[in-house]
Amino acid sequence: MDIDITDTAHAVEATAVMKLLPARPQVLALGEPTHGEDTLLELRNALFRQLVEQEGYRTIAIESDCVKGLIVDDYVTSGIGSLDDVMERGFSHTWFNTSAPNRELVRWMRAYNDARPASEQVHFAGIDGPLEMTEAASPRQALTALHDYLASRVDTDLLPCTADTLDRLLGPDDRWTDPAAMTEPDRSVGQSAEAKELRLYADDLGALLDEHTPHLMAVSSPQDHERARLYARTAMGLLRYHYWMADTSPSRMTRLVGLRDSMMADNLLAIAQRAPALVHAHNGHLQREKSTMRMSGRPLRWWSAGALAGAHLGERYAFLATALGTIRHQGVDTPPPDTVEGLLYALPEDRCLVDAPRLATVLGDSRPAPRVSPYFGYAPLDPAHLAGNDGIVFVKDVPQS
């Protein structure tokens, strides 16, 4: 494919990113095509630091447990805990809490916030639900935290249940976290009588939180009220997720992956209400189009968190996809020249920021071929989605971490 695209490429810098966009977006999302590669996380750190310092972004959010993320936020804003403890308890997914670049990000955020007033501090957030690939957490933590918040601030008679009732219905947490339930629906407790009753109580507690918003905002700190809302949406999201884990219909997995991204989108929108936010997650979660994957031989299609949040935010949501040339230690070698990655690989820079809409215009009807990945953990760019990206961050070669 003999097309000159050199004028679409720029340095990976905050100023270049802002020049691609009509205005500073409230949510600026940076995707990655694979997890666990330090090179990509180090690039994220460098770019996000610039965007915080030069463009006033005040939240950094990543694809990690939204409830555990509160531990990290307490550390970076108030110095609560130690860095070692925060890295151990503040992240979901093993490739996050063992990551040296994630540790460096948290260390830098704490140093940046030190001695700054609260209004100028940068916050940390997780956008994912309390979910792992093979299990979902018990709703206990979110439900009981929400109940405790309301019980200390509204008349007891208004509460739909007692804390003891919640404890009895929840039972042992290992009933909820059985990893076998992901592939064996009958092992899930999500459609038990207790789970259905809990779902009603979670809905009533969330409604009570909404009904008393003026009073609760008057008697709570903004942080406490915001966290109560996080607990409310997390409790409902987990109970919905567990319900569908117990389902046996053909749509089961589509509902599960869709619910996960819906929870991510709700967290993104809540974060966006607070302050301009930077977000890092897989391209598939942040893109504006439907996400796709195959699981157990079945194709799945669902709306991504980026598509859902972007539908609400419009131009206040921007998405930079990350693409790469090689991950040789995972068997991903030089990309074919007729793919998007192959075209970008021919550029002289080792890493660059590409104007994606401009690139789509230059290519015109010469649509590149889809790249085929030999490694299940890496998802190449979809050429059909090229114009839906505000930019592409391209990294030519990813060495082994």
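The present account deals with the structure reproduced in this document. (Residues numbered from 1 in each chain as written. Predicted model: local features only at pLDDT ≥ 70, side-chain atom pairs only at ≥ 80, totals over all residues. Heavy atoms only, no water.)

1. Examining the nonpolar core
No. 1: Counting residues in each nonpolar core, the largest one holds 44 residues, and the members touching the most others are Leu28, Leu51, Ile60 and Val106.
No. 2: Looking at which element gives the most residues to this core, the answer is helix H2 (residues 38–55), with six residues.
No. 3: When residues no more than four places from it in sequence are discounted, the contact partners of Ile60 are Phe48, Val52, Leu105, Trp108, Met109, Val122, His123, Phe124, Ala125 and Leu278.
No. 4: If you look at the next biggest cluster of nonpolar residues, it comprises 39 residues, including Ala125, Ala272, Ala321 and Val354. (Core = buried A, V, L, I, M, F, W, Y, C linked by side-chain atoms within 4.5 Å. Buried < 20%, exposed > 50% of the residue type's maximum accessible area, 1.4 Å probe, protein only. Helix = DSSP H or I, 4+ residues; strand = E, 2+ residues; numbered from the N terminus. Contact = heavy atoms within 4.5 Å.)

2. Some remarks on the pattern of salt bridges
No. 1: One pass over the structure, following the stated rule, counts 19 salt bridges.
No. 2: The salt bridge involving Arg328 is made with Asp333; its shortest N-O contact spans 3.5 Å.
No. 3: Since its relative accessible area comes to 45%, Arg328 is described here as partly exposed. (Salt bridge = Lys/Arg side-chain N within 4 Å of Asp/Glu carboxyl O.)

3. A few points about the pairing of strand E7 (residues 298–303)
No. 1: When strand E6 (residues 290–295) meets E7, the two strands line up antiparallel, connected through six bridges. Within E7, the position partnered with Met293 by the bridge is Leu300.
No. 2: Adjacent in sequence and paired antiparallel, E6 and E7 are bridged by two residues, among which Ser296 carries a positive phi angle near 55°. (Pairing = 2+ DSSP bridges.)

4. Details of the sheet that holds strand E5 (residues 277–282)
No. 1: Spatially, the eight strands line up as an open sheet ordered E1-E9-E10-E8-E2-E5-E3-E4, and their pairing is mixed. Strands with a single pairing partner mark the edges of an open sheet, and in this sheet they are strand E1 (9–10) and strand E4 (123–128).
No. 2: With two bridges joining them, E1 and strand E9 (residues 351–354) adopt antiparallel strand pairing. In the sheet register, Ala9 faces E9, and the bridge partner there is Val354.
No. 3: Where helix H3 (residues 69–78) meets the sheet, it contacts strand E3 (59–65) and E4, and its direction lies at approximately 170° from that of E4.
No. 4: Here helix H12 (residues 252–274) sits on the sheet and contacts strand E2 (27–32), E3, E4 and E5; the angle it forms with E4, its principal contact strand, is near 155°. (Axes fitted to C-alpha atoms, helices over the stretch in contact; angles between N-to-C directions.)

5. Describing unusual backbone geometry
No. 1: For Ala115, which is not glycine, the phi dihedral falls at a positive 75°.
No. 2: Looking at where Ala115 falls in the secondary structure, it is placed in the loop between helix H6 (100–113) and E4.
No. 3: Here Ala115 falls in the exposed class, since its relative accessible area comes to 78%.

6. Focus on the packing of helix H7 (residues 140–151) against helix H8 (residues 163–170)
No. 1: Packing of H7 against H8 brings their axes to within 10 Å, and their N-to-C directions diverge by 170°. Relative to H8, H7 is oriented roughly antiparallel. Judged by residue contacts, Arg140, Leu143, Thr144 and His147 of H7 engage Ala163, Leu166, Asp167 and Leu170 from H8.
No. 2: For the contact of H7 with H8, the class distribution of residues is four nonpolar, two polar and two charged. (Parallel < 35°, antiparallel > 145°, perpendicular 65-115°, else oblique. Nonpolar A, V, L, I, M, F, W, Y, C, P; charged D, E, K, R; others polar.)

7. Some remarks on the packing of aromatic side chains
No. 1: Applying the stated criterion to the full structure yields four aromatic pairs.
No. 2: Between Trp108 and Tyr112, the aromatic rings sit 5.2 Å apart at their centres with planes inclined by 35°, giving tilted as the arrangement. Of this pair, Trp108 and Tyr112 are both found in helix H6, four residues apart, which corresponds to roughly one turn of the helix.
No. 3: According to the relative accessible area criterion, Trp108 is buried, its value standing at 10%.
No. 4: Note on Tyr375 and Phe376: the rings are 5.4 Å apart at their centroids and 70° apart in plane angle, and the pair reads as edge-to-face.
No. 5: Taking NZ or CZ as reference, Arg116 lies 3.7 Å from the ring centre of Tyr112, over its face.
No. 6: The ring of Tyr243 has Arg199 sitting right over it, with the charged end atom 5.2 Å from the ring centre. (Phe/Tyr/Trp six-rings, centres within 6.5 Å; stacked < 30°, edge-to-face > 60°. Lys NZ or Arg CZ within 6 Å of the ring centre and 35° of its normal.)

8. Things to note about the environment of Met109
No. 1: With respect to the helices, strands and loops of the structure, Met109 is situated in helix H6.
No. 2: Residue classification places Met109 among the buried positions, given a relative accessible area of 0%.
No. 3: Through-space distance from the C-alpha of Met109 to that of Ala207 is 35 Å; in sequence the pair is 98 residues apart.
No. 4: Those residues in contact with Met109 that lie beyond four places of it in its chain are Ile60, Val76, Val122, His123 and Phe124.

9. Notes on empty space enclosed by the protein
No. 1: Taken as a whole and assessed by the stated rule, the structure comprises three cavities of 30 Å³ or more.
No. 2: As a volume, the largest cavity reaches approximately 180 Å³.
No. 3: Taken together, 16 residues form the lining of the largest cavity, with Leu70, Ala125, Glu226, Leu230 and Arg274 sitting closest to its centre.
No. 4: Secondary structure elements with two or more residues in the lining of the largest cavity: H3, E4, helix H11 (222–245) and H12.
No. 5: The element that contributes the greatest number of residues to the lining of the largest cavity is H11, accounting for five residues.
No. 6: For the lining of the largest cavity, the residue count by class is seven nonpolar, four polar and five charged.
No. 7: In this structure, the second largest cavity is lined by Glu32, His35, Leu41, Arg44, Ile62, Glu63, Phe96, Asn102, His280 and Ala281.
No. 8: Each residue belonging to the lining of the second largest cavity can be placed in one class, and the counts come to four nonpolar, three polar and three charged. (1 Å grid on protein atoms, 1.4 Å probe; cavity = no way out; pocket = protein on both sides within 12 Å on 5 of 7 lines; lining within 4 Å. Points joined across faces, edges and corners; volume = space filled by probe spheres on them.)

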